[in-house]
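Structural characterization, general
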Amino acid sequence: MEPRSHSLLWKLLLLQSATVLLSSGPPGSVPAGSSVVSESAVSWPAGAPAVLRCQSPRMVWTQDRLHDRQRVVHWDLSGGPGGRRAHRLVDMYSAGEQRVYEPRDRGRLLLSPSAFHDGNFSLLIRAAEETDEGLYTCNLHHHYCHLYESLAVRLQVTDDPREAGAHWDGEKEVLVVELGAPALLTCVNRAHVWTDRHLEEAQQVVHWDRQPPGVPHDRADRLLDLYASGERRAYGPPFLRDRVAVEADAFARGDFSLRIAPLEPADEGTYSCHLHHHYCGLHERRIFHLKVTEPAAAPAEPPPRDSPGNGSSHSSAPAPDPTLARGRSVINVIVPEGRAHFFQQLGYVLATLLLFILLLITVVLATRHRRRGGYEYSARKSGKSKGKDVNMAEFAVATGDQAFYRTEDIQLDYKNNILKERAELAHCPPPAKHIDLDKEFRKEYCK
């Protein structure tokens, strides 16, 4: 009957109380992205082992052997009548076990048994007394996630029922109750980290990323994935995968430092350590800018001394020059990102080949057209020369006229007409003789 009366009293107080429900905020809410907690530049010589420190005590994984006793709530009282110092009133673990410290408070101070399920950690005082006045503090501790939160409520006891109520003084809630009446000190926090219990080993993960020089953060290469359950996954290029390691007991010590041995010049870049604890709401990132320097030159050995009897001071072999550093060749290999890169290069080759074929066809057509035009011009010229009729009479007339004009220009004195005619015949050929073939045929026909 007693537990039933307690539950009825709790329901009545929750329905009738006009108190202000206060919460300390959702500390367990997961942020949108990892917050950068540190960024540093480190340098190591080539050939030496490099260690990038990444440590967090909040990532230490410890299994709870006592059925989740890692969450606890306790109420403290300070500043009561007579200036009493702060002292513990009651506490309760998430397993449901309650402990009341003062014998007079047993049965009078109550906490809800389902506090770690519904997030209501309010303290109920069944009958308020004058000695109950003071500053009450609700403290929530999560030892696994290293979370500590507190909420203060001031309680005042009065004899006037009209003064009973609750108000906010700018920093905390002030509750005024009538003497002998029940008082409910409100403390509510419904964040999942206080109300749920997940498999922590499935929600803790650490991974290392690497950005080669000039590569942005969103295109970084994944190197390692570490889970609290013991599973590990290795990624990254083959030349680096076998030289990076994290200690096997990383989650037991909270030390996730990355070791690279031996260090090579191609290992330069930006390394990121990501710590994720989804249960506790931890999301942190640590950035390391790694630079690889030349290895330190070994000290030169002194040349061997000559024998006392030999006057020569030169050694058998010249000593090596300590200023010359042994260089290493770095080969940058660019790997295509996918099939689209291959088709892009193939398109460039086909376009170039098509342009070359079109140019070749244009040159061939132009050459053939030029040759055909030369043949037509030669044929036309030869045809003109063959088809032209030559009229001998025209030549005869032209020469006669030419001779006539020439005889007019020559003025000679001859002794007689016979010499004159001979001279004219010498300068001008006789006129052409015209033969009428039709007339000759008619003569033959008449005969």
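Predicted model only: the values in this text are computed from it and were never measured.

What counts and how
Residues numbered from 1 in each chain as written. Predicted model: local features only at pLDDT ≥ 70, side-chain atom pairs only at ≥ 80, totals over all residues. Heavy atoms only, no water. Helix = DSSP H or I, 4+ residues; strand = E, 2+ residues; numbered from the N terminus. Polar contact = N/O pair within 3.5 Å; in protein donor to acceptor, adjacent residues only side chain to side chain. Contact = heavy atoms within 4.5 Å. Phe/Tyr/Trp six-rings, centres within 6.5 Å; stacked < 30°, edge-to-face > 60°. Buried < 20%, exposed > 50% of the residue type's maximum accessible area, 1.4 Å probe, protein only. Pairing = 2+ DSSP bridges.

1. Some details on the side chain of Glu284
Relative to the helices and strands, Glu284 is located in strand E19 (residues 282–293). Within the structure, Glu284 has its side chain in polar contact with the side chain of Arg286 (distance 3.2 Å). Setting aside residues no more than four positions away along its own chain, Glu284 makes contact with Ser34, Ser35, Val37, Ser56, Cys273, His274 and Leu275.

2. Observations concerning the packing of aromatic side chains
Tallied over the entire structure, the rule returns 3 aromatic pairs. When the ring of Phe116 is compared with that of Phe121, the centres are 5.1 Å apart and the planes differ by 75°; the resulting orientation is edge-to-face. With respect to burial, Phe116 and Phe121 carry one shared label: buried.

3. Some points on unusual backbone geometry
The peptide bond linking Ala261 to Pro262 adopts the cis configuration, its omega dihedral lying at -10°. The topology assignment puts Pro262 in the loop between strand E17 (258–260) and strand E18 (269–277).

4. Observations regarding the pairing of strand E14 (residues 221–227)
One face of the sheet, then the other: side chains in a regular strand alternate in exactly this way. Sheet topology note: the strand E13 (residues 204–211)/E14 ladder contains 6 bridges and is antiparallel. Considered in E14, the bridge of Asp209 is made with Arg222. Turn length for the E14-strand E15 (residues 232–234) hairpin, with the two strands adjacent in sequence and antiparallel, is 4 residues, and the turn residue Gly230 shows positive phi of about 105°.

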